[in-house]
Amino acid sequence: MKRRMEINGLAVEANYSDETVGTIFLPLLAGLGRMQRECGRRLVVFLTAPPAAGKSTLVKFLTALSREEPGLVPVTAVGMDGFHHRQEYLLSHTVLRDGKELPMTHVKGAPVSFDLAAFAERLSQVRTERTCPWPEYNRKLHDPVDNAVLIEGDIVIVEGNYLLLDEEGWRDLRAHADYAVRILAEEADVRDRLIWRRTVNGVPLEEARYMVDNNDLPNVRLCMERSMEGDLTLRLQENGDYVLAGGRLP
């Protein structure tokens, strides 16, 4: 099933097999609908993956599918990127990496560059408040935009890199989710995707490779090696499709 979408200002074609849609995506959405009806309140779902593993495209596809297929509960999708620290904070703070003190802007995208406390507080509000604002990251401004989205629906999918990170503070986020999906990917595949993403945004190829290898790939490895298990595990294929890799559908 093909669908052209815009993700972060880029035209992207989602292309998932009929088997994946029929045996994974539709049962997933149907199961989440049953969970929501049984609990009688808003359902919060985590979808976590390393950078460039297709999570933003996937959640947008699931959102559209939930609104098109009869009998499904419409899904609202939001991302954790809106909780990046603002640029002025990153410019005025440093972090130690490999024994060197670096400006925090050099590690933007790493866990330390997020406002974890604000993110956890907002997740709590999503569970308890019927209408809840949510920030979005603006790639043109290089900063979050507060209250860019208003959450009102019965099922919310939160997507991000570190939602299941097994480190102090981060592991506590799991208590805010009713169900969690984890995506696995090969490092070589996401490296190619990350380089492509930077080059289409105007970064010269060699510079893009340097940025990916020195900033992005450490975050990829952290996600892959230090994340807790989800209720459902999918694996990204080279062609952009997904297969079941563990866990259970709801």
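Here, every reference points to the structure presented above.
Sequence positions are assigned chain by chain, starting from 1 and proceeding in written order. Reporting in this predicted model follows two pLDDT cut-offs: at least 70 for local features of residues, and 80 or more for side-chain atom pairs to be given and counted; totals over whole chains, interfaces and linings ignore these cut-offs and use all residues. With hydrogens and water set aside, each side-chain value is computed from the structure's full complement of heavy atoms.

### With respect to the side chain of S113
Among the secondary structure elements, S113 is positioned in the loop between β6 (100–103) and α4 (116–128). Whether two residues touch is decided by their heavy atoms; if any such pair falls within 4.5 Å, the residues are in contact. Other than its neighbours up to four places away in sequence, S113 contacts H84, H85, L90, M104, V107 and K108. Helical segments are the DSSP runs of H or I of at least four residues, strand segments are the runs of E of at least two, and each set is numbered from the N terminus.

### A short note on the pattern of salt bridges
Any carboxyl oxygen of Asp or Glu that lies within 4 Å of a side-chain nitrogen of Lys or Arg is treated as forming a salt bridge with it. Applying the stated criterion across every chain yields a total of 14 salt bridges. R86 is the partner of D146 in a salt bridge, and the nearest nitrogen-oxygen pair spans 3.4 Å. Of the two residues, D146 sits in strand β8 (residues 143–151) while R86 sits in the loop between β4 (75–79) and α3 (87–92), which places them 60 residues apart along the sequence. Residue D146 is classed as exposed on the basis of its relative accessible area of 52%. As a salt-bridge pair, E167 and R226 come within 3.5 Å of each other at their nearest N and O atoms. In this pair, E167 sits in the loop between β9 (155–160) and β10 (179–184) while R226 sits in helix α6 (residues 205–226), placing the two residues 59 residues apart along the sequence. Residue burial is assigned from relative accessible area. The probe radius is 1.4 Å, only protein chains are included, and a residue is buried under 20% of its type maximum, exposed over 50%, and partly exposed in between.

### With respect to the nonpolar core
Remark: nonpolar core denotes a set of buried residues (Ala, Val, Leu, Ile, Met, Phe, Trp, Tyr, Cys) joined through side-chain atoms within 4.5 Å. If you look at the biggest cluster of nonpolar residues, it comprises 40 residues, and the most contacted ones within it are Y16, F25, L58, I183 and Y242. When residues of this core are traced back to their parent elements, those giving at least two are α1 (18–39), β3 (43–48), α2 (55–68), β9, β10, α5 (187–200), α6 and β11 (232–236). Those residues in contact with I183 that sit more than four places away from it in its chain are L47, T48, A49, P50, A53, L58, L234, L236 and Y242. With 25 residues, the next largest nonpolar core counts F46, Y162, L165 and W170 among its residues.

### A look at the sheet that holds β11
Here, any two strands with at least 2 DSSP bridges between them count as paired. Taken together, the six strands give an open sheet; going across it, the order is β4-β9-β3-β10-β11-β12, and neighbouring strands pair in mixed fashion. Each having just a single partner strand, β4 and β12 (242–247) make up the two edges of the open sheet. Taken pair by pair, the neighbouring strands of this sheet meet at an average axis angle of 25°, ignoring direction. In the sheet, β10 pairs with β11 via four bridges, with the strands oriented parallel. Among the inter-strand pairings, I183 is bridged to a residue of β11, identified as L234. Every angle, taken between N-to-C directions, lies between 0 and 180 degrees, and every axis is a line fitted to C-alpha atoms, over only the stretch in contact when it is a helix.

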